[in-house]
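Residue-level structural notes
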Amino acid sequence: MSRLVVVSNRVPLPDERGTPPPGGLAVAVHAALRKNGGIWMGWSGRSTGEEEPQGLTTLEQDSISYVLTDLSQADLDEYYNGFANRVLWPIFHCRLDLAEYARQEMAGYFRVNRLFADRLVPLLEPDDVIWVHDYHLIPLAQELRKRGVRNRIGFFLHIPWPPADILTALPVYEIIMRGLAAHDLVGFQTDYDLDNFVGCLRREGWGDWSAPGWLTAFDKEVAAAAFPIGIETDDFARLAAKTDGLELVTDMQQSLNGSALMIGVDRLDYSKGIEARIDAFERYLTRNPDQAGKVTLLQVAPHSRSDVPEYLEMQGQVESHCGRVNGAHGTIDWVPIRYVNQSLTRPTLAGLYRLAKVGLVTPLRDGMNLVAKEYVASQDPSDPGVLVLSRFAGAARELDGAILINPYDTEQTASAIGRALSMPLDERMMRWRKMMDHLESHDVIWWCRTFLDALRHAPVDNGALTVDDTA
């Protein structure tokens with residue numbers, strides 16, 4: 001079997017015992033790397049300040065080489081905080097109003113991709129299979145090709161791909177499209193994202209389907225398919241089942257005084273729809289004054305990208321929304337919204353998911369949203385909660401047992417909250433079972449294996465790429 005080389009912006013390092021950090025992606029990719037040996041390359045998380053980064057740091061463990069490169073402060077400002085997170089992220093999430101394009105930051109983005117390519121090429125062997133992850137590294141394959149690399153290269157986009165009308169606002173639109181076409185296989189979260197990508201090619205006359213799963217793009221052949229990422233379904237279910245005695249979960253249950261718990265867990269990001277969710281909960285309380293004291297929303301929203309001004313501003317806005325609702329509807333012995341601005345451990349989250357009667361996953365736009373899947377996997381099979389899910393999350397394409405809502409429609413979301421809280425047990429069990437069956441057969445190991453099988457077996461010349469859904 002060929003050696004696997006994974007490249008991502010950050011590298012999740014294992015602990016001293018070789019255990020990967022929590023999270024499905026890290027677990028699945030570590031398992032694939034251990035199977036055949038390989039390399040995981042990315043940014044070390046360190047800055048060299050004003051100096052140019054020198055050399056690589058390599059850690060060896062369980063037949064895996066973790067290859068880390070430092071970045072200069074200019075690299076971080078321009079590549080990461082700049083072009084990646086202030087241009088690509090908002091545009092890919094259809095927020096043109098938040099995109100701030102600067103030519104210097106664009107140059108930094110491509111400079112860091114050249115740096116990654118320069119440092120990766122000497123490490124490669126002829127039969128290596130290369131797997132590149134996410135929007136930070138779209139140009140990497142093209143840079144590797146320029147340096148003579150002929151290995152198979154696959155790319156997986158973890159965030160949404162926008163429609164052509166949105167993406168064409170990007171000043172380097174064609175360069176980004178050509179960067180993706182330099183791969184042998186391009187993977188997206190959903191069929192909608194794949195359709196949007198093909199629509200971008202068609203709009204400009206750059207390419208189209210030439211066979212099922214096989215595109216002609218910029219006069220070359222590119223395999224493309226949807227590979228919806230999963231979670232560690234069985235592990236997460238077992239973890240949740242063991243959390244009944246967890247102190248923080250027990251304390252939470254006691255403090256509710258019999259009120260039903262709803263939970264939202266998100267990074268503090270404008271794409272997550274947290275403010276719209278709070279508005280919908282407020283509308284529900286206004287329309288149902290008899291529910292005062294009978295339902296509580298726990299909103300967990302850890303800090304993210306604190307170096308980007310929009311995220312600092314959003315923190316204040318969410319806090320203001322929570323304060324307004326609590327001030328208008330709260331009582332001496334009941335606070336409608338409990339807002340936690342910090343990260344919680346996996347066992348704690350699993351226990352809180354299991355305790356919650358309703359999971360509110362209502363992003364304005366999301367590539368997949370694994371919180372939705374974790375919530376489902378955490379439920380008690382004999383008394384499962386109800387998932388209220390935005391139709392603009394990738395997970396909505398799979399979890400057909402959820403109540404789907406438009407997060408921009410405050411009235412609809414408020415009605416969905418009421419429906420979820422009053423849903424009878426037999427309907428809850430039916431909906432949950434349908435979703436859980438899907439998550440068990442399409443977990444993160446299935447996702448990883450399916451993508452790598454497609455990459456390793458995709459024809460070099462014209463041919464069809466097939467994704468076996470029963471793999």
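Residues numbered from 1 in each chain as written. Predicted model: local features only at pLDDT ≥ 70, side-chain atom pairs only at ≥ 80, totals over all residues. Heavy atoms only, no water.

Thoughts on the overall build of the chain
Operational definition: Each helix is a run of DSSP H or I of at least 4 residues and each strand a run of E of at least 2, with the numbering of both proceeding from the N terminus. Just to be clear, the radius of gyration here is over C-alpha atoms, and the globule rule we use is 2.2 Å times residues to the power 0.38. The cut-offs for exposure are 20% and 50% of the maximum accessible area for each residue type, with area from a 1.4 Å probe on protein chains only; residues under the lower value are buried, those over the upper are exposed, and the others partly exposed. Throughout, a residue-residue contact means that at least one pair of heavy atoms, one from each residue, lies within 4.5 Å. Using a 1.4 Å probe, accessible areas were evaluated by the Shrake-Rupley method; residue-level cover was limited to the displayed protein chains. Charge counting treats Lys and Arg as positive and Asp and Glu as negative, with His and both chain ends excluded. Charge positions come from single atoms, namely NZ of Lys, CZ of Arg, CG of Asp or CD of Glu.
The helix and strand inventory of the chain stands at 16 helices and 16 strands. Its C-alpha atoms give the chain a radius of gyration of 23 Å, within 12% of the compact-globule value 23 Å for 471 residues. In terms of its C-alpha atoms, the chain occupies a principal-axis envelope of roughly 70 × 50 × 45 Å. Within the chain, the fraction of its 471 residues that count as buried is 57%. Pairs at least 24 residues apart make up 76% of the contacts formed inside the chain by residues separated by at least 6 positions. Carbon and sulfur atoms form 50% of the exposed surface of the chain, whose accessible area is close to 19,000 Å². Counting 46 positive and 64 negative side-chain charges, the chain places the centres of these two groups 2 Å from one another.

A few points about the packing of helix H13 (residues 370–378) against helix H15 (residues 425–441)
Going by this rule: As a rule, the C-alpha atoms of each element are fitted with a line to give its axis, helices using only the stretch in contact, and angles between N-to-C directions run from 0 to 180 degrees. Each angle is binned into one of four classes, with values under 35 degrees roughly parallel, values over 145 roughly antiparallel, values of 65 to 115 roughly perpendicular, and all other values oblique. With the far helix as reference, a near helix turned anticlockwise by less than a right angle produces a left-handed crossing, and one turned clockwise produces a right-handed crossing. Gly is placed with the polar residues, together with every amino acid not listed as nonpolar (Ala, Val, Leu, Ile, Met, Phe, Trp, Tyr, Cys and Pro) or charged (Asp, Glu, Lys and Arg).
The interhelical angle for the contact between H13 and H15, taken along N-to-C directions, is 115°, at an axis separation of 10 Å. With respect to H15, the element H13 is oriented roughly perpendicular. Here H13 runs over H15; the crossing is left-handed. Within the contact between the two elements, H13 uses Lys373, Val376 and Ala377 and H15 uses Trp432, Met435, Met436 and Leu439. Class assignment of the residues belonging to the contact of H13 with H15 gives a composition of six nonpolar, no polar and one charged.

Quick look at the pattern of salt bridges
If charged atoms from side chains of opposite charge come close, those side chains can pair. Cut-off, in case you're wondering: Put simply, a salt bridge is a Lys or Arg side-chain nitrogen that is within 4 Å of an Asp or Glu carboxyl oxygen.
One pass over the structure, following the stated rule, counts 32 salt bridges. Glutamate 232 serves as the salt-bridge partner of arginine 346, at 3.3 Å between the closest nitrogen and oxygen. Highlighted residues: arginine 346 in helix H12 (residues 346–355) and glutamate 232 in the loop between strand S10 (220–226) and helix H8 (233–241), separated in sequence by 114 residues. Judged by relative accessible area, which is 13%, glutamate 232 ranks as buried. Each of Asp118, Glu143, Lys146 and Arg147 takes part in salt bridges that share partners, so that together they form one network.

Quick look at the pairing of S10
Note the cut-off: Strand pairing is assigned whenever DSSP identifies at least 2 bridges connecting the two strands.
Counting buried positions along S10 yields five of seven residues, so the element is predominantly enclosed. With four bridges joining them, strand S7 (residues 185–188) and S10 adopt parallel strand pairing. Across the sheet, phenylalanine 188 pairs through a bridge with alanine 226, a residue of S10. Following strand S9 (residues 214–217), the chain reverses through two residues before pairing antiparallel with S10; phenylalanine 218 in that reversal takes a positive phi of roughly 55°.

Re the layout of surface pockets
Defined as follows: In this analysis, the protein atoms alone were mapped onto a 1 Å grid. Cavities are point sets where a 1.4 Å probe fits without being able to get out; pockets are open sets with protein on both sides within 12 Å along at least five of seven lines; lining residues have an atom within 4 Å of a point. Grid points are joined across faces, edges and corners, and a volume is the space filled by probe spheres set on the points.
Each pocket or cavity is described by its volume, and for the second largest pocket that value is around 280 Å³. In terms of lining, the second largest pocket is formed by 16 residues, of which the most central are Gln253, Gly351, Arg354, Leu355 and Lys357.

Some points on the sheet that holds strand S2 (residues 38–47)
Pairing is mixed across the open sheet formed by 10 strands, whose spatial order is S3-S4-S2-S1-S5-S6-S7-S10-S9-S8. Every other strand in the sheet has two partners, leaving strand S3 (57–61) and strand S8 (207–211) as the edge strands with one partner each. Neighbour-to-neighbour, the strand axes of the sheet open up by a mean angle of 25°, direction not taken into account. With five bridges connecting them, S3 and strand S4 (residues 64–71) associate as antiparallel partners. Considered in S4, the bridge of leucine 59 is made with tyrosine 66. The strands that helix H2 (residues 73–92) touches are strand S1 (4–10), S2 and S4; relative to S4, the one it contacts most, it runs at about 95°.

Describing the environment of leucine 352
Along the polypeptide, leucine 352 turns up in helix H12. Sequence spacing of leucine 352 and tryptophan 446 is 94 residues, and the spatial spacing of their C-alpha atoms is 27 Å. Those residues in contact with leucine 352 that sit more than four places away from it in its chain are Leu248, Val249, Met252, Leu261, Ile263, Leu298 and Leu344.

Considering helix H10 (residues 274–287)
The condition is simple: By this rule the span expected of a helix is its residue count minus one, scaled by 1.5 Å.
Its 14 residues give H10 an end-to-end C-alpha distance of 20 Å, which sits within 8% of 20 Å, the value for a rise of 1.5 Å per residue. Residues of H10 that are buried: Ile274, Arg277, Ile278, Ala280, Phe281, Glu282, Tyr284 and Leu285.

Comments concerning the sheet that holds strand S15 (residues 386–390)
Across the sheet, which stays open at both edges, the six strands sit in the order S13-S12-S11-S14-S15-S16 with parallel pairing between neighbours. This sheet does not close on itself; its edge strands, each paired only once, are strand S13 (337–340) and strand S16 (403–405). With direction set aside, neighbouring strand axes in the sheet form an average angle of 20°. Pairing of strand S14 (residues 358–361) with S15 involves four bridges; the strand directions are parallel. Counted as the bridge partner of valine 361 is leucine 389 from S15.

Quick look at the environment of alanine 31
If you trace the backbone, alanine 31 turns up in helix H1 (residues 24–36). Among the residues examined, alanine 31 registers a relative accessible area of 31% and is labelled partly exposed.

Points about the side chain of histidine 136
Along the chain, histidine 136 turns up in the loop between strand S5 (129–133) and helix H4 (140–146). For histidine 136, a relative accessible area of 9% gives the class buried.

Some details on the nonpolar core
A general feature of soluble globular proteins is that nonpolar side chains tend to end up buried together. Our working definition: As used in this record, nonpolar core signifies buried Ala, Val, Leu, Ile, Met, Phe, Trp, Tyr and Cys residues forming a set joined through side-chain atoms within 4.5 Å.
Ranked by internal contacts, the top residues of the largest apolar core, which has 94 residues, are Trp161, Leu170 and Met177. Ranked by the residues each element gives to this core, the list is headed by H2, at 10 residues. Not counting residues up to four positions away in its chain, the partners in contact with tryptophan 161 are Phe92, Leu167, Ile176, Met177, Leu180, Phe188, Asp193, Asn196, Phe197, Cys200 and Arg365. Judged by nonpolar contacts, the second largest core, of 64 residues, contains Leu4, Val376, Ala395 and Ala396.

Purely geometric stuff here, so don't read any function into it on its own.
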